[in-house]
Amino acid sequence: MHLLAFALALVSISYVAARVIENHIWKRMSAMSDLGVLGEERKGARKILGTAVICGGGYSLLFAIVSPCHSNFLNRPSRIGGLFCARVCSDHFKNVIIVEAEESVTAKTGYMTNTDHKRSHVAQYRAVHQYHMFMVVALRKLFPDFDKEIESRGGRILHHRQRVHVSGLPIPPPADWSTERYPPNLWMSRPAFEPALRKLVVTHCKNVQYLAGTVADLQREGRLVTAVTVNSKSGTESIPAAFVIDCTGLVLGGFRWLKSSIPDKIPFKITHEPKMAYTTAIFDVPPKLIPEINAIGFPDYHTAASLYASSPVPTVDQRTIVVQRKENNIRLSFGLIVPATIYALSIVNIACGGWAITNRITCIEELRTAINAIVVLRPMPSWIQETLNILESHGIEGTYVYSRCPPPSCVQYHRLTKYLPSNFVAVGDSWAAVNPQGAQGCTKACAEAVTLNAHLSRCHSAIPAHFSEKYFTAAWHRIQHVWNGYKVVDYSFPTTIPTVGETLTSADGPSWLKIYMRIYNKLLLKDAEVAAVAYCITGWLRPPTSKFALRVMGKVLMELIRELLDL
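Residues numbered from 1 in each chain as written. Predicted model: local features only at pLDDT ≥ 70, side-chain atom pairs only at ≥ 80, totals over all residues. Heavy atoms only, no water.

**Describing the sheet that holds strand S11 (residues 235-240)**
(1) Moving on: An order of S9-S10-S11 is seen for the three strands of this open sheet, with the pairing classed as antiparallel. This sheet does not close on itself; its edge strands, each paired only once, are strand S9 (214-221) and S11. Neighbour-to-neighbour, the strand axes of the sheet open up by a mean angle of 25°, direction not taken into account. (Pairing = 2+ DSSP bridges. Helix = DSSP H or I, 4+ residues; strand = E, 2+ residues; numbered from the N terminus. Axes fitted to C-alpha atoms, helices over the stretch in contact; angles between N-to-C directions.)

As structure tokens, this is what we get:
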């Protein structure tokens, strides 16, 4: 009897301890834990005194001159991240100023239509972007009319509806994916999404102002930023600032403003070069062709956004194909994403961008050849090539954009917090820019903004000392899996140039982890429960440690045993 009681007590203690540890990990590594305080506005007198200045990601002539082949990527999620931060800061500060270079986006009305301005220097501008589940949940909290505004512009808020593959092998979606248990994803192009988000910010945030110009430098006193120096058409002016957020994207404003404060022996910025590139072919599809396209098995033309996507197995091939449809049936586009000398296909607008690379695709025949060259373990659906045949037979040639992605980079604010101003933070690509293939940039920026909001909610009438340190430390715990994860993927290809001081094996990790992840990735293709965990991690609903949950570990162990016994 005593032994039974002891056993029961041990089990109970172990269960409680496991839950305590799980909750600690959840709060530490997932921004989901901070959604409870998101969108809670401080009342008048309780707002933080002074002005929050958001340094936007406007086009930088300096960056274009220094790196012309990559300047088309300046604003991947930087503008979006700046709008996230503007909405968050409007709840906490009396005044918020967004400094952006383009006068067309600093008008009080923002973008009010989907086509009123063509921003040729914004990467992926016409492509359909996938915005993950966490971002949809967060924006619904920040903007009660979010769904209405998005749907009015043709955006599709859908439960899953992805057809995701690895080398042609499908990853099974959860059986209950379409239920309320899982939030939806959003598919929408930048010409539609950014105007919608700007309108929502203008409508809901009356204390947000726009200023046309670029932030040239920070004015500091000790470890405080007291003002920002702004260059504009009217000259140079100083804007007093109680808080500064770097949302300059790949311009890396904070890196340039603060690098003189960082000892030379410490690497302030790290980068590697996976040589990612892509071609996108955009087709205008007349309505009369839709029945003919549907007849060949083209999936859910009127309702789906993501039609087909396949990532490579590094030991098999380097090419990836993505097929998507733009909002409102406006356009179809095939885009090819490629690491180095490789191609990848995408139909319709997807989050990709970059600059020229040697082998361009300029016609349907070259596109067809590139698709046929992709090596997959299971053949791609026939409707992809048949769609090209239909388009070609009707004389629809398409528009082709061939581009190269800039190297992923990480400014190591989280490691150098003691050298940073206490009232300075960075969000989005201005901190860590990852390989765009996973469409993680905007959701990562959203998670950073949610983390920032939680830290601001703990402030009283001023930004306390060590605020920057606490924010960067907390946010890094939540975004490092994206930086490290895509770095592992990049290092899997022999064409990648690693970070200085590293080799392509530096990201491998211990042998047991390599074995575990190999089995885990194998289970993704045949176990819906494991796939659901992976989808939730990718969608930022669960922390990356969820792949080591007891049930998942048990499945991995059983699969390993079956391998060893050759069952």
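Still to come is the rest of the account.
**Overview of the sheet that holds strand S7 (residues 185-189)**
(1) Moving on: The strand order S3-S7-S4 describes an open sheet built from three strands, whose pairing is antiparallel. With partners counted over all chains shown, the strands left at the sheet margins are strand S3 (128-131) and strand S4 (156-158), one partner each. Neighbouring strand axes in the sheet, compared pairwise and without regard to direction, differ in orientation by 20° on average.
(2) Moving on: As paired elements, S3 and S7 share four bridges and run antiparallel to each other. Residue pairing for S7: His-129 is matched across the bridge by Met-188.
(3) Moving on: Contacting S3 and S7, helix H6 (residues 190-204) crosses the sheet at an angle of about 110° to S7. (Contact = heavy atoms within 4.5 Å.)

**Description of unusual backbone geometry**
(1) Moving on: With a phi angle near 55°, Leu-252 is a residue other than glycine that sits in the positive phi range.
(2) Moving on: By the secondary structure assignment, Leu-252 is in the loop between strand S12 (243-246) and helix H7 (253-258).
(3) Moving on: Owing to a relative accessible area of 6%, Leu-252 belongs among the buried residues under this scheme. (Buried < 20%, exposed > 50% of the residue type's maximum accessible area, 1.4 Å probe, protein only.)

**Notes on the side chain of Lys-444**
(1) Moving on: Inspection of the secondary structure puts Lys-444 in helix H11 (residues 441-456).
(2) Moving on: A polar contact is formed between the side chain of Lys-444 and the side chain of Glu-448, at a distance of 2.8 Å.
(3) Moving on: When sequence neighbours within four positions are dropped, the list of residues in contact with Lys-444 reads Gly-428, Ala-432, Ile-479 and Trp-540. (Polar contact = N/O pair within 3.5 Å; in protein donor to acceptor, adjacent residues only side chain to side chain.)

**What about the nonpolar core?**
Side chains that are nonpolar tend, in soluble globular proteins, to be buried together.
(1) Moving on: By size, the foremost hydrophobic cluster in this structure holds 92 residues, and its most contacted members are Phe-146, Phe-193, Phe-243, Ile-245, Tyr-413, Trp-431 and Leu-456.
(2) Moving on: Membership of the second largest hydrophobic core comes to 24 residues, among which are Phe-298, Ile-361, Ile-364 and Trp-383. (Core = buried A, V, L, I, M, F, W, Y, C linked by side-chain atoms within 4.5 Å.)

**Remarks on H11**
Given 3.6 residues per turn, any residue in an α-helix points the same way as the ones three and four places further on.
(1) Moving on: The first and last C-alpha atoms of H11 sit 23 Å apart over 16 residues, in line with the 22 Å expected at 1.5 Å per residue.
(2) Moving on: Burial analysis of H11 places 16 of its 16 residues in the buried class, which makes it a mostly covered element. (Expected span 1.5 Å × (residues − 1).)

**Section: the packing of helix H9 (residues 364-373) against helix H10 (residues 383-393)**
Packed helices, taken two at a time, are described by the angle their axes make and the gap between the axes.
(1) Moving on: The geometry of H9 relative to H10 is characterised by a closest axis approach of 11 Å and an angle of 175° between their N-to-C directions. Here H9 lies roughly antiparallel to H10, going by the angle between them. On H10, the residues that touch Ile-364, Leu-367, Arg-368, Ile-371 and Asn-372 of H9 are Ile-384, Gln-385, Leu-388, Asn-389, Leu-391 and Glu-392.
(2) Moving on: Split into classes, the residues belonging to the contact of H9 with H10 amount to six nonpolar, three polar and two charged. (Parallel < 35°, antiparallel > 145°, perpendicular 65-115°, else oblique. Nonpolar A, V, L, I, M, F, W, Y, C, P; charged D, E, K, R; others polar.)

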